[in-house]
Amino acid sequence: MQVARRWWRASRPGFLLVTLSAVAAGIALTQACGRGWDAPAAAGTVVLALLTHAAVNLYNDYGDAVGGSDAINTDRLTPFSGGSRAIQDGVFSAAQMREAALRLGLVVVGGGLVLAARAGPGLLLVGAAGLALGWAYSSPRTALMSRGWGEPAVAAGWWLIVVGADHVQRQGLSAVAAVAGVSPALLVAAILWTAEFPDARADAAVGKRTWVVRLGPQAAAIAYAGIVTTAHLWLAAWWWVDWLPFTAWWALGSAPLSLAAAALLWRHARAPQRLGPAIALSIAAAVAHAGLLAAASVAVARLR
């Protein structure tokens, strides 16, 4: 039991709520479009998405341990940045984290094959793309997180979660899910963006060129405001042209959280130890946005 708790902490469970809300949004979008409800498939989707996120987190700790950034990161804001510290604190070795991530990945692949047999082969493409992004983000061989591709990779990964969750229920790809998944994906990327501020000095020291490192604190704070504004304007625009459920505007309720985070980033961009509230607000905004989108979709489904 104690070992299980250690692995649970190493998986960074506080961030898993972001994935849960994205899955809920994808599943609910299908209902808003008048499709049927497949409860077992929905449960399987939730479990596999959470396991995938856990595997990616474990592998990210391995990648940062090999790259050296976590070991020298004295500016980290636990639990928001700097990884789980399980390797640096001697709880697990880097090899153990890598092995655990790969084992979880195999479980996800097996479960994905079962879901694909139920939902259609298109799900295999979505799942394979998601796993590839998760691996490439942290792998020392590709290290997207160090090359300026980490933030787009995270956005693409969570976009695939919404699209994939919708696919399982719909048993096919959907333009509605593809459009609706963009704004939650951008807000998840914004979480990573804020977490890169306290990690920037250590990242720069080991050649991990995140966009916060590349731009510098003040320009990166402006870029964050642009990302979250784009996310909300995207949803508003597609709602306005009737591509999204007529209640989808509810998801704009996350905008004050994002704007508050943007204001804190601008104010404390050069004082990363004061950015805990900004990161927490970014997480809250992403969860609220996807959750409100899910609630809006369920409301439409009940009116049918």
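Residues numbered from 1 in each chain as written. Predicted model: local features only at pLDDT ≥ 70, side-chain atom pairs only at ≥ 80, totals over all residues. Heavy atoms only, no water.

**Re the environment of Arg 9**
Turning to its location among the elements, Arg 9 is positioned in helix α1 (residues 2-10). Its relative accessible area of 55% is what places Arg 9 among the exposed residues. Taking the C-alpha atoms as reference points, Arg 9 and Ser 84, separated by 75 residues in sequence, lie 7.2 Å from one another. (Helix = DSSP H or I, 4+ residues; strand = E, 2+ residues; numbered from the N terminus. Buried < 20%, exposed > 50% of the residue type's maximum accessible area, 1.4 Å probe, protein only.)

**Remarks on the layout of surface pockets**
Looking at the second largest pocket, its volume works out to about 250 Å³. In terms of lining, the second largest pocket is formed by 13 residues, of which the most central are Ala 101, Leu 102, Gly 105, Leu 131 and Trp 135. Elements with a contribution of two residues or more to the lining of the second largest pocket: α3 (39-67), α4 (94-119) and α5 (122-138). In terms of residue count, the dominant contributor to the lining of the second largest pocket is α4 (5 residues). Residue composition of the lining of the second largest pocket, grouped by class: 10 nonpolar, 3 polar and no charged. (1 Å grid on protein atoms, 1.4 Å probe; cavity = no way out; pocket = protein on both sides within 12 Å on 5 of 7 lines; lining within 4 Å. Points joined across faces, edges and corners; volume = space filled by probe spheres on them. Nonpolar A, V, L, I, M, F, W, Y, C, P; charged D, E, K, R; others polar.)

**Some remarks on the environment of Pro 277**
Inspection of the secondary structure puts Pro 277 in helix α12 (residues 276-303). Given the relative accessible area of 47%, Pro 277 is considered partly exposed. Considering only alpha carbons, one finds Pro 277 and Asp 203, 74 residues apart in sequence, at a separation of 21 Å.

**Some details on the pattern of salt bridges**
If you walk through the whole model with that rule in mind, you get 6 salt bridges. Asp 61 is the salt-bridge partner of Arg 12, the closest N and O atoms lying 2.9 Å from each other. Of this pair, Arg 12 sits in the loop between α1 and α2 (16-32) while Asp 61 sits in helix α3; the two residues are 49 residues apart in sequence, bridging distant segments of the chain. The partner of Lys 208 in a salt bridge is Asp 64, with the nearest N and O atoms 3.0 Å apart. With Lys 208 in the loop between α8 (182-205) and α9 (211-215) and Asp 64 in helix α3, this pair connects stretches of sequence that are 144 residues apart. Members of the salt-bridge network, linked through shared partners, are Asp 64, Asp 203 and Lys 208. (Salt bridge = Lys/Arg side-chain N within 4 Å of Asp/Glu carboxyl O.)

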